[in-house]
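Residue-level structural notes
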Amino acid sequence: MNYKLKVLSIYELGQRKNQEDYIYPPLGKVTEKDRLFIVCDGMGGHEKGEVASKTVCEKIAEYITE
């Protein structure tokens with residue numbers, strides 16, 4: 001039996017000017033072949049939280065896909 005996966009994403013921009021959350025694959029880069037999805041929640045108010053959440057998402061994805 002074969003299944004077809006239709007990938008969708010929902011994203012609601014919060015009230016803060018600096019969004020520290022990150023999703024993998026990034027918005028607009030999702031394809032039907034993707035099977036790995038990660039959400040990293042930034043540490044609100046901490047300096048460079050957006051860099052930390054992006055780095056963690058990308059490195060976890062890199063590790064799993066290799």
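As for the pattern of salt bridges
Where charged atoms from two side chains of opposite charge come close, those side chains can pair. Inspection of the entire model under this criterion finds 1 salt bridge. For Lys-59, the salt bridge goes to Glu-62, with nearest N and O atoms at 3.6 Å. One end of the pair, Lys-59, and the other, Glu-62, are both in helix α1 (residues 49-65), 3 residues apart, so they sit about a helical turn from each other.

Remarks on the environment of Tyr-24
Note on placement: Tyr-24 falls in strand β1 (residues 22-24). What makes Tyr-24 partly exposed here is its relative accessible area of 24%. Remark: the alpha-carbon pair of Tyr-24 and Ala-61, spanning 37 residues in sequence, is separated by 7.6 Å. Each residue touching Tyr-24, except ones within four places of it in the same chain, is listed here: Leu-36, Phe-37, Ile-38, Cys-57 and Ala-61.

Topic: the confidence of the model for the protein chain
Of the residues in the protein chain, 88% have a pLDDT of 70 or more, and the chain-wide mean is 83. Averaged over each element, pLDDT in the protein chain is lowest for β1 (89) and highest for α1 (92).

What counts, and where the lines are drawn
- Residues numbered from 1 in each chain as written.
- Predicted model: local features only at pLDDT ≥ 70, side-chain atom pairs only at ≥ 80, totals over all residues.
- Heavy atoms only, no water.
- Salt bridge = Lys/Arg side-chain N within 4 Å of Asp/Glu carboxyl O.
- Helix = DSSP H or I, 4+ residues; strand = E, 2+ residues; numbered from the N terminus.
- Buried < 20%, exposed > 50% of the residue type's maximum accessible area, 1.4 Å probe, protein only.
- Contact = heavy atoms within 4.5 Å.
- pLDDT = per-residue confidence, 0-100.

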